[in-house]
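Structural description and commentary
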Amino acid sequence: MKENMVKEACNALSISNKESLGNYVSVDIASLAAGQYTLDVWIYIVGGSSDIISQENGIRIGIENEMFYFYHPAAGQKAVRPLGPLPRKKQWINLLLSYNGSKVSFALNGFPAGEIACSGATLIQNCPIRLGYGFHGYMRSFRCYNAALTAEQYKNYVFETVYDSASMTSLLAFIDFSKEDMPDISNHGATASPHGSCGVMNLVPVYLPSKGKFASVNPGGDINPGGFESGEFSVYVKMYLRPSQKQNQVIFSNGDIEDADSVILFLQEDGNKVQFNLQLGSVSMCLGSAHDVFQWVDVLITYGAGQVTAFFNGTQVTSSHSFAKRQQRGGFRLGNGFDSAHPEMDFTCEQYLFTAAVFDKKLGQADADSFLENHPYIFEDGLIALFSFAPEPAELTTCRQIHLDEDDVVLAQRTLDSLPQTGYDYRSNRTQPTVSDMRKWKAESIWDGLVSYYEASANLTPTLTENQKQAVICSIAEDSELLQSFAPAFTALTLSEQIFAKCLADAPQRKMINVIKMGRFVGKKTGAAGGAAAGAGMALTGAAAGGLTEAGKDVLTLLSLITLFTWILSKAAEKMKDRRKDKPDHDDDDSEITLSITSMSFQHSPDDFTASAVRCRTCDGSVSPPEWTNARRDGAEAVYIADKIQNVKVKVKFIITDKSKKPTPPYHVSIWAFATDSSAVFQKLEYSAKGLSAGVEYEGEFTVTKGSCACSDLSYQDLELWWNYTINGSTNTLANTKACIYFLPTTPTDPVYLDQEHKDNSVPLELLRMFSEKLTTLQPREYAELEQVTAADMKTYTDQVYNCAAFKYNPNAHPFVTVCDVKENAAPYTLRGYLNLFDQNAMLRDISLYQKNPFRGKTEANCNVYACMLSYNFSLHGVFSTVCIITSGNPAAALQTNAIKGAGAVAAQAFQFRYHAIVKVPPQVSVTGLLHNAYYDACCRTAGGETLANLAFRSNFATPLVQAGETDTYRGKVFRQGTAAVEQRNMLCVPYGIIAP
């Protein structure tokens, strides 16, 4: 028969002081007395723990009445109340005590747990240390350091099972209780000697039901061997056979023993032999020959097509039997069975039960061999339930809680020549379930956060293949309860350490342990060199997972002010934040009750346009809001034209979907959204309603009130809203929505309106060329309705562009725009798009980015760009202009300039131009006192800092050469005397590829 081992097994020191004191291990350490020291021990408390570490007539360290106790004759007795509740008994925990000369500090599983002032003496003697003098339980290891370890060092050392001289420089002793001789693996010569009844034993966590008890889950109706639709079933049990005086013991039962459709696996004992039997209804059959006790055995019972096949440690036994499919949904009971006709009879199993699994299909030889190799996690098609008892009882398929008496989960003592040397593995025969992108994103975020948390807190890292990792992520994604406990991390405006701590504290402990076990977290070596390995890193299973998760759950919120713990949580929160950028851009959540947004609009069809801070026009002249729909995920563009942003209405249409078997209307709904950018104009939207129904499209109106927010400059913003909702107390998140927002300044005058039908201060979208390449001729403006612009205003508008901090003038920069000729007879108000859509977005983004980060490098722009921005700025205030191209009257010569100061430049300098673009404003009613063409240049000023605004081009029209008497003209201020500078063309800026009329 093949060898059968349990990889959850471990060796540990057993100390039993249940009946009387005096059983302990004495550890003799050289040069022990020190002004500072640290002691830590891995323990599993079964009974008393009043005296865990002590010295004769010296220190005494213990746990009693939910308090830490420290005693020394020179300091007296000190009681330390832990920051959080102590872990309950029957869990592996690490207890650490450090003394730095002024205070005694305790830590549990690497987390600070309490401290008390204590000074004035050397609080340790140079004599042997007694381990377990008043203790009943088990120990894995003991370490002693001649320094007070810091909280940062706890997490590096706690889960180390190897000695590394490079990292543990202060270590005096490292007693390893996994070996019978209890060696000091630090190689410092410490010796350990047992006294009384104590010794190293082989241990494994098992379920041993007490009389009349059993393990079950609720709801458990689906665990129904013999009643599956397939007509097939399989049951697998790993157990340790022990001698017993009881003749009949039930391993598992599905129904009463006397039921005609029951399925019961039981055994009969005869001395040191046990016989396995299977009862199907009223028929009972022996399964193979009897087995010797004191051994592990894998039992796989599989049924299909009228045939029962049993495998014992991979060896096949076959029987034939026709068995009708069960008609009732029974409760699966592990470890016991009951006979209603004879209630006085006791069938409690007295064997050690380690694992049990139920399948709704027939299995075979390959499966039996695979289970024998001890896969602690089974990702398997057809797996209905998987019972595990290490370190916490849990049904691992759906993480349903196992109902049992906790005292029945014990560390069983047994004897083996050696422990398994191979690591854990997975049985991954499962077809990966199809999970929504949204649920997978949540699961990946949780996984990243937990990996970072355990790496930072305990120096533990997962050891998984990529396929195994995806199996774990899919397991998390399928678990609605676990996802719901982390909902605050997905719906919060900012993911803080406190929010992550709350998620960990709210998560069901059994499910957290399940994730940890699936992740195969093991300790990482903290040093780079030296040290003889004492074995593989401790897997975070029976020895560590319970203690770590219990400590994390109990003290999360209480330790939020401790610097180390806050740092640990911040690292984990940062990992989850990194995942936010990967949030799916579509809603496909397959939860039972969901909400979906069908459309969103800003100030949609407002009754009073003047009350709206958001308005725009499409190129065909119709008025419509910026909006988002499922058909257009990127969102439509919006134009803000108010001088301040307040009382903005957002309307959202949504539908509730309930796919649960038993819908629970009415639905109470809360919807809220926050902007992903803290500088966004919309910071938070909120809406709630009660008494709603599923399948009905509702419209909710969100009103956002924000204090006056001046729009003093041209800017651009991608508004992204992070949507969340709660339905009947269950919280979830939605895909984000986006809108492209342009801010247009409205001071010192209102924005121009070019539409006689809607005199609402709206700006046509074709001004920005957002929606169409179509050129539209608009109706002439009614000048009488426009406010007048003065020469001083025109200078101000020019200065605004020159001083724009996001740009820097460079005559050789690549232009954002091109220019085309304008026919002399073109209508004066035929507006072209000023900038290409993509290039314009880039320009406006540069402005926005610079506003957020003044240290960001400026964008270099040539004269074309500055002229287009200035012409556009004029149009916002009702002033018509064109771009004027200046060239040399001598084709063979360049334009020679005086020393001029370019925008963003530190000093003035002279240039040579092939051409130069500026802005020309013709006489018009809206500009006060403008009798002739006026010229403006926003890319430069004179060497003395004079703004080039409200200037005539030249005073001598007879010659192209700049004359000495032109110092008050544009060309006289910019170009050298004798330079041939002529106005070549009048143009409007248009996007690339657009042909001018």
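Cut-off values and rules
Residues numbered from 1 in each chain as written. Predicted model: local features only at pLDDT ≥ 70, side-chain atom pairs only at ≥ 80, totals over all residues. Heavy atoms only, no water. Helix = DSSP H or I, 4+ residues; strand = E, 2+ residues; numbered from the N terminus. Buried < 20%, exposed > 50% of the residue type's maximum accessible area, 1.4 Å probe, protein only. Areas by Shrake-Rupley, 256 points an atom, 1.4 Å probe, with all protein chains shown as cover. Polar contact = N/O pair within 3.5 Å; in protein donor to acceptor, adjacent residues only side chain to side chain. Phe/Tyr/Trp six-rings, centres within 6.5 Å; stacked < 30°, edge-to-face > 60°. Lys NZ or Arg CZ within 6 Å of the ring centre and 35° of its normal. Salt bridge = Lys/Arg side-chain N within 4 Å of Asp/Glu carboxyl O. Contact = heavy atoms within 4.5 Å. Pairing = 2+ DSSP bridges. pLDDT = per-residue confidence, 0-100. Core = buried A, V, L, I, M, F, W, Y, C linked by side-chain atoms within 4.5 Å.

The helix and strand inventory of the protein stands at 14 helices and 54 strands. Residues counted as buried form 57% of the 997 residues belonging to the protein. Taken as a whole, the protein presents about 39800 Å² of accessible surface, with 49% of it coming from carbon and sulfur.

For the rest of this paragraph, the subject is the environment of Lys577. Summarising the element assignment, Lys577 is placed in helix H10 (residues 563-580). Look at Lys577 and you get partly exposed, because its relative accessible area is 33%. Polar contacts involving the side chain of Lys577 include one to the main-chain carbonyl oxygen of Leu495, which spans 3.3 Å.

On to the packing of aromatic side chains, then. For any two aromatic rings, the description comes down to two numbers: the centre-to-centre distance and the angle of the planes. All chains considered together, the criterion is met by 34 aromatic pairs. Measuring from ring centre to ring centre gives 5.8 Å for Phe359 and Phe371, while their planes differ by 25°; the resulting arrangement is stacked. Here Phe359 is found in strand S25 (residues 352-359), whereas its partner Phe371 is found in helix H2 (residues 365-372), with 12 residues between them in sequence. For the pair shown, Phe359 and Phe371 are each scored as buried. These aromatic residues form a ring-pair network of at least three members: Phe654, Tyr687, Tyr698, Phe702 and Trp723. The cationic tip of Arg333 hangs over the ring face of Phe214; the distance from NZ or CZ to the ring centre is 5.0 Å. The ring centre of Trp722 lies 3.7 Å from the NZ or CZ of Lys583, which sits over that ring.

Here H2 has its buried residues at Asp367, Ala368, Ser370, Phe371 and Leu372. Phi turns positive one or two residues past the end of H2, at Asn374, with a value near 65°.

Throughout the structure, instances matching the rule amount to 21 salt bridges. Notably, a salt bridge pairs Lys103 with Glu115, separated by 3.4 Å at the nearest N-O pair. With a gap of 12 residues between them, Lys103 in strand S8 (residues 103-108) and Glu115 in strand S9 (residues 111-117) connect regions that are remote in the sequence. Since its relative accessible area comes to 48%, Glu115 is described here as partly exposed. Asp799 is paired through a salt bridge with Lys795; the nearest N and O atoms lie 3.0 Å apart. One end of the pair is Asp799 and the other is Lys795, both in helix H11 (residues 791-802) and four residues apart, which spans about a single turn.

One can find Gln279 in strand S18 (residues 273-280). Of note is the side chain of Gln279, whose polar atom sits 2.7 Å from the backbone oxygen of Ile257. A polar atom in the side chain of Gln279 sits 3.1 Å from the backbone oxygen of Gly281. Once residues within four sequence positions are removed from consideration, Gln279 is found in contact with Ile257, Ser262, Val263, Ile264, Phe266 and Ser284.

Counting buried residues along strand S2 (residues 24-28), four of its five residues qualify, which places the element largely inside the surrounding structure. Taken together, the five bridges between S2 and strand S12 (residues 191-195) define a ladder with antiparallel strand orientation. By the bridge assignment for S12, Tyr24 is matched with His195. Of the pairings in the sheet, the one linking S2 to strand S10 (residues 129-145) comprises three bridges and is antiparallel in character. Across the sheet, Val25 pairs through a bridge with Leu131, a residue of S10.

Of all residues except glycine, most have a negative phi; of all peptide bonds, most are trans. Here Pro665 and Pro666 are connected by a cis peptide whose omega angle stands at -5°. Positive phi outside glycine occurs at Asn65, with the angle close to 50°. Phi at Phe294 takes a positive value of approximately 60°, unusual for a residue other than glycine. Secondary-structure assignment places Phe294 in the loop between strand S20 (291-292) and strand S21 (295-304).

The next subject is the confidence of the model for the protein. Summarising the model, the protein shows a mean pLDDT of 76, and 74% of its residues fall at 70 or more. Confidence over residues 744-786 falls short of pLDDT 50; this stretch has 129 contacts with residues more than four positions distant or in other chains.

Ranked by size, the top nonpolar core spans 80 residues in total, and within it Tyr453, Ile476, Phe486 and Phe500 carry the most contacts. When residues in this core are grouped by element, the largest group, 11 residues, is from helix H3 (residues 437-458). Residue contacts for Phe500: discarding those within four places in its chain leaves Gly449, Leu450, Tyr453, Phe486, Leu495, Leu569, Ala572, Ala573 and Met576. If you look at the next biggest cluster of nonpolar residues, it comprises 47 residues, including Tyr797, Ile900, Ala917 and Tyr935.

Right, let's get into the pairing of strand S11 (residues 171-176). In terms of burial, S11 is largely enclosed, as six of its six residues are buried. Pairing of S10 with S11, which is carried by five bridges, proceeds in the antiparallel orientation. By the bridge assignment for S11, Cys144 is matched with Ala173.

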